[in-house]
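Architecture and fold: a report
Read off the chains here:
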Amino acid sequence: ICLELICNGVQDHRILESEIERYEKEICARITYYTMRYKKDNRQLPIYVRAEFENNAVIEEQLYSTVLGRIYGSRLALQTSCYNCRFKGLSRSGDITLGDYRGFKSLKKASIEKAGASTIIINSQKGSQLLEQIKDEINLIPAKNLREVIYSNSRIVISGCKPADKDIRDFWSLLDEKGIEEAAHVSDKYLSRIRNKIIRIIDRILLIKYMFANKLM
């Protein structure tokens, strides 16, 4: 069985390496365990980072308040191919496609934070057979149509808005010269409320353009 993920992009490996180095300098010990998907109090949201160290120290922080999370949210340090990913679209490679689902307006926020909500797209007979085997173990809610699923997570079909090339160059220059904390300041302007709103509008335009081109509107 082949499972594929709906992906927002993969950060350059240097970002994680720099963040781990920063943590180890701060705690004065080597990291023995690190995850960006820690479920604090057994809840799906908010997402936490958890780092454990040789001296038994532990750090737990909300992902998007960390240096690494701020950079990821800005999309400044993604792999170059991620800005124009050739695996986006409705022609899928895996038997099942999995990813975040953000379309449940009717569900209480608290229930989503505790249990989470995922998209499951079945692409083959093998995938359908597997879902049939596990359907009684999950709370399965069929979508009305494919358009509803795409609107819930546009990364199924589009790569999203790319930051300005100058900002990407400035980011990497600062990372090389002054370290990850200084470089993160470049990413902060992409996390402002106004800039985020503009990016969401551009993403929606790109999505609508895709939907029209593929006769999904």
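As a starting point, this report considers the structure included with it. (Residues numbered from 1 in each chain as written. Predicted model: local features only at pLDDT ≥ 70, side-chain atom pairs only at ≥ 80, totals over all residues. Heavy atoms only, no water.)

Digging into the packing of aromatic side chains
Evaluated as defined, the whole model comprises two aromatic pairs. Each ring, one from tyrosine 23 and one from tyrosine 34, has its centre 6.3 Å from the other, and the planes form 50°; the classification is tilted. Residue tyrosine 23 is found in helix α1 (residues 13–27), and its partner tyrosine 34 is found in strand β2 (residues 31–38); the two are separated by 11 residues along the sequence. What makes tyrosine 23 buried here is its relative accessible area of 1%. The buried category is assigned to tyrosine 34, whose relative accessible area is 17%. Aromatic side chains phenylalanine 171 and tryptophan 172 sit 5.2 Å apart centroid to centroid with 80° between the ring planes, which places their arrangement in the edge-to-face category. (Phe/Tyr/Trp six-rings, centres within 6.5 Å; stacked < 30°, edge-to-face > 60°. Helix = DSSP H or I, 4+ residues; strand = E, 2+ residues; numbered from the N terminus. Buried < 20%, exposed > 50% of the residue type's maximum accessible area, 1.4 Å probe, protein only.)

Remarks on the pattern of salt bridges
Counted by the stated rule, this structure contains 14 salt bridges. In this structure, arginine 50 engages glutamate 52 in a salt bridge whose closest nitrogen and oxygen atoms are separated by 2.8 Å. A relative accessible area of 25% places glutamate 52 in the partly exposed class. One salt bridge connects aspartate 203 with arginine 155, and the closest N-O pair in it is separated by 2.9 Å. Of this pair, aspartate 203 sits in helix α8 (residues 193–213) while arginine 155 sits in the loop between α5 (146–152) and α6 (165–178), and the two are 48 residues apart along the sequence. Arginine 155 carries the same exposure label as aspartate 203, and that label is buried. (Salt bridge = Lys/Arg side-chain N within 4 Å of Asp/Glu carboxyl O.)

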